[in-house]
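Residue-level structural notes
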Amino acid sequence: MEGKEGRSRRNRESRLSRRQKLVLAAVAAVLIIVLIVGLGLGLGLRNRGGGGGGDDDELPPAPQPTAIWQPAVNTSWQIILNAKLDIDPNNPVVEPDVEVYDIDMFLHQNSRAISSLHKLNKKVICYFSAGSYEPKRPDSSKFPKEDIGSVLDGWPDEKWLNISSPAIREIMVGRMEIASRMGCDGVDPDNVDGFQNENGMNLTPQDSISFMTFLADEAHKRNMAIGLKNAGDIVKTMLPRMQFAVNEECAQYKDCTTFAAFVDAGKPVFHIEYPDGAPFDTDPEQKEEYCNAPGAKGFSTILKAMNLNFGAEYCDGRQVRTKVLRR
Ligand SMILES: *[C@@H]1O[C@H](CO)[C@@H](O)[C@H](O)[C@H]1NC(C)=O
Ligand SMILES: *[C@@H]1O[C@H](CO)[C@@H](O)[C@H](O)[C@H]1NC(C)=O
């Protein structure tokens, strides 16, 4: 009896353990499958991330996303710096139907113009002065007196800045941050050529190179493109870090070949000339000369009034009036 009981207990135990073994085997099998699938997925994901080198059978790594906008040569544009664009956000339309709008950043800080322009598939370059002090900007009180130099020739309200000063650079990072939050695709930091002017701060080309390198890094960190404004003497050095150039009056000063390096590198030169009477009564001889300037082949040329208002004429004779808000 005892033995039978014992055996039967043993038998029962061994039957149970066989069932447990089956369950364990099933669990193990499931675990192994999960492990294999998981490993496979992991490898696949890692390969897609561009990291691990796998078999030739594996998918090739996808190209890196190009977050920073690189405009093409001959990109069409309009630039308005003295007024705010007037676009109805509920029914956005804008004239002219160009690819890029270069607009004043601070004027548009509390407007929906940029999102409207994006809805219209336009790119937006935000203008701010990086190398001059202007008295009526929202952050004007932040500029230390000792960093403010001579008045800009022709712009009595503006003064050259010490662009090597950490305080000035911090202010400009603040402006980059505003541009980034506004959704600007690129920035057009102006007045970075103090060294080519009487500036009262002993600015050198090296100061401008250092400043533009700093600004480019800050723009790129925020996925924004950046352009070199004028500053012909530092074109060659800055070109690799720049996505475009903005030039004023290279035709008038017979210096467009200096900026042609951008076009040769596949980057646009947004080129402004200020012929007499522009934009609606442009001197025909000046227009002819400026639109066919040596070295300006492939430039995105626009003929404007000096105050960079709503009007523009293009070299094909088209004249445009962009709707702006009265100030
Ligand atoms: C440049 O762009 C204009 C439109 O803005 C177009 O008419 C012209 O054909 C373009 N030129 C070249 C060389 O692509
Ligand atoms: C400009 O700023 C730099 C860095 O602070 C300083 O070394 C230089 O002396 C300043 N220049 C002038 C003219 O104040």
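Overview of the structure. (Residues numbered from 1 in each chain as written. Chains lettered and ligands numbered in written order. Predicted model: local features only at pLDDT ≥ 70, side-chain atom pairs only at ≥ 80, totals over all residues. Heavy atoms only, no water.)

Thoughts on the packing of helix H3 (residues 166-182) against helix H4 (residues 205-221)
Angle between the axes and distance between the axes: these two values describe a pair of packed helices. In the contact formed by H3 and H4, the axes pass within 10 Å of each other and the chain directions differ by 35°. You can see that H3 and H4 cross each other, and the crossing is right-handed. Residues Arg 169, Met 172, Val 173 and Met 176 of H3 touch H4, and the partners they reach there are Asp 207, Ser 210, Phe 211, Phe 214, Leu 215, Glu 218 and Ala 219. Taken together, the residues that form the contact of H3 with H4 break down as seven nonpolar, one polar and three charged. (Axes fitted to C-alpha atoms, helices over the stretch in contact; angles between N-to-C directions. Helix = DSSP H or I, 4+ residues; strand = E, 2+ residues; numbered from the N terminus. Left-handed = near helix turned anticlockwise from the far one by under 90°. Contact = heavy atoms within 4.5 Å. Nonpolar A, V, L, I, M, F, W, Y, C, P; charged D, E, K, R; others polar.)

A word on the pattern of salt bridges
Scanning the model with the defined rule gives 14 salt bridges in all. With a shortest N-O distance of 3.2 Å, Asp 190 and Lys 229 are connected by a salt bridge. Remark: Lys 229 occurs in strand S9 (residues 225-229) and Asp 190 occurs in strand S8 (residues 186-190); sequence separation between them is 39 residues. A relative accessible area of 3% means that Lys 229 is categorised as buried. Shared partners join several salt bridges into a network, and the residues in it are Glu 177, Glu 218, Lys 221 and Arg 222. (Salt bridge = Lys/Arg side-chain N within 4 Å of Asp/Glu carboxyl O. Buried < 20%, exposed > 50% of the residue type's maximum accessible area, 1.4 Å probe, protein only.)

Overview of the pairing of strand S13 (residues 311-314)
A two-sided burial pattern is seen for S13, the buried positions comprising Gly 311 and Glu 313 on one face and Ala 312 and Tyr 314 on the other. Where strand S12 (residues 300-303) and S13 come together, two bridges link them in antiparallel fashion. Looking across to S13, one finds that Ile 302 is bridged to Tyr 314. The pairing of S13 with strand S14 (residues 319-321) spans three bridges and is classified as antiparallel. Within S14, the position partnered with Ala 312 by the bridge is Val 320. The turn joining S13 and S14, which pair antiparallel and follow one another in sequence, is formed by four residues; a positive phi near 95° is taken by Gly 317. (Pairing = 2+ DSSP bridges.)

Some points on the site of ligand 2
Looking at ligand 2, the residues that line it are Asn 162, Ser 164, Ser 165, Pro 166 and Met 201. At a separation of 2.4 Å, an oxygen atom of ligand 2 approaches a polar side-chain atom of Asn 162. (Near = heavy atom within 4 Å. Polar contact = N/O pair within 3.5 Å; in protein donor to acceptor, adjacent residues only side chain to side chain.)

A short note on the nonpolar core
Core analysis: the largest hydrophobic core is formed by 80 residues, its most contacted members being Met 172, Met 212, Ile 226, Leu 228 and Phe 299. A per-element tally of this core places H3 first, with seven residues. (Core = buried A, V, L, I, M, F, W, Y, C linked by side-chain atoms within 4.5 Å.)

Brief notes about the sheet that holds strand S7 (residues 155-161)
The sheet built from three strands is open, its strands ordered S5-S7-S6 with antiparallel pairing. The sheet is open, and its two edges are formed by strand S5 (132-133) and strand S6 (148-152), each paired on a single side. With three bridges joining them, S6 and S7 adopt antiparallel strand pairing. When the bridges of S7 are listed, Val 151 appears paired with Lys 159.

Examining the side chain of Asn 191
Along the chain, Asn 191 turns up in the loop between S8 and H4. For Asn 191, a relative accessible area of 10% puts it in the buried group. A polar side-chain atom of Asn 191 sits 2.8 Å from a polar atom in the side chain of Ser 129. A distance of 3.3 Å separates a polar atom in the side chain of Asn 191 from a polar atom in the side chain of Glu 158.

What about helix H6 (residues 256-264)?
Along H6, the residues classified as buried are Cys 256, Phe 259, Ala 260, Ala 261, Phe 262 and Val 263. Looking at the buried positions of H6, the neighbouring elements they touch are S9, helix H5 (235-238), strand S10 (244-248) and strand S11 (269-273).

Description of the environment of Arg 318
By the element assignment, Arg 318 lies in the loop between S13 and S14. Judged by its relative accessible area of 36%, Arg 318 is partly exposed. Measuring from C-alpha to C-alpha, the distance between Arg 318 and Pro 96 comes to 9.7 Å, with 222 residues separating the pair along the chain.

Details of the sheet that holds S12
Strands sit in the order S1-S3-S4-S8-S9-S10-S11-S12-S13-S14 across an open sheet of ten strands; the sheet is mixed. Unpaired on one side and paired on the other, strand S1 (77-80) and S14 mark the two borders of the sheet. On average, each strand axis in the sheet is inclined to that of its neighbour by 25°, with strand direction left out of account. Strand contacts of H4: S8 and S9, with the helix running at about 155° to S9, the strand carrying the most contacts. Where H6 meets the sheet, it contacts S9, S10 and S11, and its direction lies at approximately 150° from that of S11.

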